[in-house]
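Okay, here's what each chain looks like letter by letter:
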Amino acid sequence: MRATGGSSPNAWPTPEQEMLAGETRRQVTLALERLPERQRAVITLRDVQGYTSEEVCAIFEISAANQRVLLHRARAYVRGALETYFATGEAVHQRNGEAES
C-alpha cells in the first residue's frame, strides 16, 4: 500500500511516539488546569490560540509588563510540571503558588 500526500512511511509516528505525544498533551492540559485563572487565560490566548501580547493586554485591560509576568509564570509552571512528570512519572498535584499540605 502506498502512502498518499507525499509522506513516506518512515515519516509516520511510531505507536510509541503517538503515545508519548498524547501523554504530553494530557500532562500539559492537567498543568494548565492547575494554574490560577488569569495565568491560564493568558497562556491559553498567547500559546494555544495565537493572540498577540497587545491583543491579550486589550482583552484583560492590563499592562504589557503584567501580561509578560503572567505569561512567564504560567510557562514556568507548565514547564516545571512537565519536567517533574518526565523525571518521576508523577503529575504535579497542587495549584501554582499553593503549598502542598
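Here is what the cut-offs are and how they apply
Residues numbered from 1 in each chain as written. Predicted model: local features only at pLDDT ≥ 70, side-chain atom pairs only at ≥ 80, totals over all residues. Heavy atoms only, no water. Phe/Tyr/Trp six-rings, centres within 6.5 Å; stacked < 30°, edge-to-face > 60°. Buried < 20%, exposed > 50% of the residue type's maximum accessible area, 1.4 Å probe, protein only. Helix = DSSP H or I, 4+ residues; strand = E, 2+ residues; numbered from the N terminus. Expected span 1.5 Å × (residues − 1). Arc of directions from axis to C-beta. Contact = heavy atoms within 4.5 Å.

1. What to know about the packing of aromatic side chains
Moving on, step 1. Taken as a whole, this structure holds 1 aromatic pair when the rule is applied.
Moving on, step 2. Between Y85 and F86, the aromatic rings sit 5.1 Å apart at their centres with planes inclined by 80 degrees, giving edge-to-face as the arrangement.
Moving on, step 3. Y85 gets classed as buried once you look at its relative accessible area, which sits at 15%.

2. Structural notes on helix α2 (residues 37-48)
Moving on, step 1. Its 12 residues give α2 an end-to-end C-alpha distance of 15 Å, which sits within 8% of 16 Å, the value for a rise of 1.5 Å per residue.
Moving on, step 2. Among the residues making up α2, those that are buried are Q39, V42, I43 and L45. Taken around the axis of α2, the buried residues stretch over an arc of 165 degrees, which confines them to a single face. Every exposed residue of α2 that faces more than 90 degrees away from the buried side is listed here: E37 and V48.
Moving on, step 3. Those residues of α2 hidden inside the fold are in contact with α1 (15-34), α3 (53-60) and α4 (64-88).
Moving on, step 4. Once α2 finishes, G50 follows within two positions and takes phi at roughly 80 degrees, a positive value.

3. Description of unusual backbone geometry
Moving on, step 1. A positive phi angle is found at E61, which is not glycine, with a value near 55 degrees.
Moving on, step 2. Structurally, the position occupied by E61 is in the loop between α3 and α4.

4. Some details on the side chain of Q27
Moving on, step 1. With respect to the element layout, Q27 can be found in helix α1.
Moving on, step 2. If sequence neighbours within four positions are ignored, Q27 has contacts with L82, Y85 and A91.

5. Section: the environment of Q27
Moving on, step 1. Residue Q27 is classed as buried on the basis of its relative accessible area, which comes to 4%.
Moving on, step 2. Taking the C-alpha atoms as reference points, Q27 and A81, 54 residues apart in sequence, are found 7.9 Å from one another.

Purely spatial values, then, with no claim about function.
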